[in-house]
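For reference, the chains in residue letters:
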Amino acid sequence: MNLEAILEKLMTQEGLEQLFQEVEQLGIIVGFLLVFMESFLPFLPLFIIVVVNINSYGFILGSLSSYSGTVLGSYMVFLLVRYFFRKPAQNYIRKHKRLAQLLDFIDRRGFVFLFILLALPFTPTSVINVIAALSNLKKVVYLYILLAAKAIMILTMSLVGYDVTSFFNSPLRLTLSIAGLVLIYFFSKWYQKYINRKMDK
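First, a word on what this report is: a plain description of the structure on this page. As the structure is a prediction and not an experimental result, all values here were calculated from the model.

What about helix 8 (residues 139-161)?
With 23 residues, helix 8 should cover 33 Å at 1.5 Å per step; its first-to-last C-alpha distance of 32 Å lies within 8% of that length. Where helix 8 is concerned, the buried positions are Y142, I145, L146, A149, K150, M153, I154, M157, S158, V160 and G161.

A word on the packing of helix 4 (residues 46-57) against helix 8
Close contact between helix 4 and helix 8 brings their axes to 9 Å; oriented N to C, the two are set at 65 degrees. Our pair here, helix 4 against helix 8, has a crossing hand that is right-handed. Across the interface between the two elements, L46, F47, V50, V51, I54 and N55 of helix 4 pack against M153, I154, M157, S158, V160 and G161 of helix 8. Of the residues contributing to the contact of helix 4 with helix 8, the split by class is nine nonpolar, three polar and no charged.

Considerations on the environment of G180
Within the element layout of this structure, G180 appears in helix 9 (residues 171-200). As for G180 and T156, which are separated by 24 residues in sequence, their C-alpha atoms are 9.8 Å apart.

Description of the environment of A148
Counting through the fold element by element, A148 comes out in helix 8. As for A148 and V71, which are separated by 77 residues in sequence, their C-alpha atoms are 9.6 Å apart.

Quick notes on the packing of helix 7 (residues 125-134) against helix 8
The contact between helix 7 and helix 8 brings their axes to 12 Å, and the two run at 160 degrees. Classified by the interaxial angle, the pair formed by helix 7 and helix 8 is roughly antiparallel. The handedness of the crossing between helix 7 and helix 8 is right-handed. Contact residues: T125, I128, N129 and A132 in helix 7; Y142, L146 and K150 in helix 8. A class-by-class count of the residues in the contact of helix 7 with helix 8 yields four nonpolar, two polar and one charged.

Quick notes on the rules
The written sequence of each chain sets the order in which its residues are numbered from 1. In keeping with the model being predicted, local features are shown solely for residues with a pLDDT of at least 70 and side-chain atom pairs are shown and tallied solely at 80 or more, while totals for entire chains, interfaces and linings include all residues. As a rule here, side-chain values come from all non-hydrogen atoms in the structure, and water together with hydrogens is ignored. For the purposes of this entry, the term helix denotes a DSSP run of H or I that reaches at least four residues, the term strand denotes a run of E that reaches at least two, and both are numbered from the N terminus. Residue count minus one, scaled by 1.5 Å, sets the expected span of a helix. Only protein chains enter the accessibility calculation, which uses a 1.4 Å probe; a residue whose area is less than 20% of its type maximum is buried, one above 50% is exposed, and one in between is partly exposed. Axis geometry follows a simple rule: fit a line to the C-alpha atoms, using only the stretch in contact for helices, then measure angles between N-to-C directions, giving values from 0 to 180 degrees. The sense of a crossing depends on the near helix, which, turned anticlockwise from the far helix by less than a right angle, makes the crossing left-handed and, turned clockwise, makes it right-handed. Contacts are assigned to residue pairs that have any heavy atoms within 4.5 Å of one another. Gly counts as polar in this scheme, as do all residues outside two lists: the nonpolar Ala, Val, Leu, Ile, Met, Phe, Trp, Tyr, Cys and Pro, and the charged Asp, Glu, Lys and Arg. Any angle that is under 35 degrees is reported as roughly parallel, and any over 145 degrees as roughly antiparallel; angles of 65 to 115 degrees are reported as roughly perpendicular and all others as oblique.

Worth remembering: the numbers are spatial, not functional.
The structure is reproduced here in structure tokens:
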């Protein structure tokens, strides 16, 4: 399939419907694995994967597979870093004042800030998983944060991206969805700067 054919499939209602049918035939485990792998390969587009999942497998099954995949993947990254890379990283952290400040900040006030960051769709989750693993945050506490925050994140993505083919017939819905994503994006950036200001105090 050439580039023109791929773009046509992605840019037309009929093409998207065909794509979702093809993904559905692969089985829901594929959708789960793609979200799971995103935790280890952050260059994968999580939002697009979630949108494909919910449109291929339905809102409930697609959301659940995406939610379970991202929670399990994120926690696996957290545990791997905590058990295998935490000690080697200590020397590196000591040489970088900013990292040391961040870890100290998480130890003191991390629960709420991590929860909000992980609930936002545009937060680099892989980075948060690693930072949390290097901190003194208890394993069970981070699991609770992931379970709650990821539920909000996946629900937000699902609500925005469900029945995406209807965007072709409803410009208003498309405009509102884009506006919502833009607002969330700028809020994410503002919140990250807010945390940086809190760390500097």
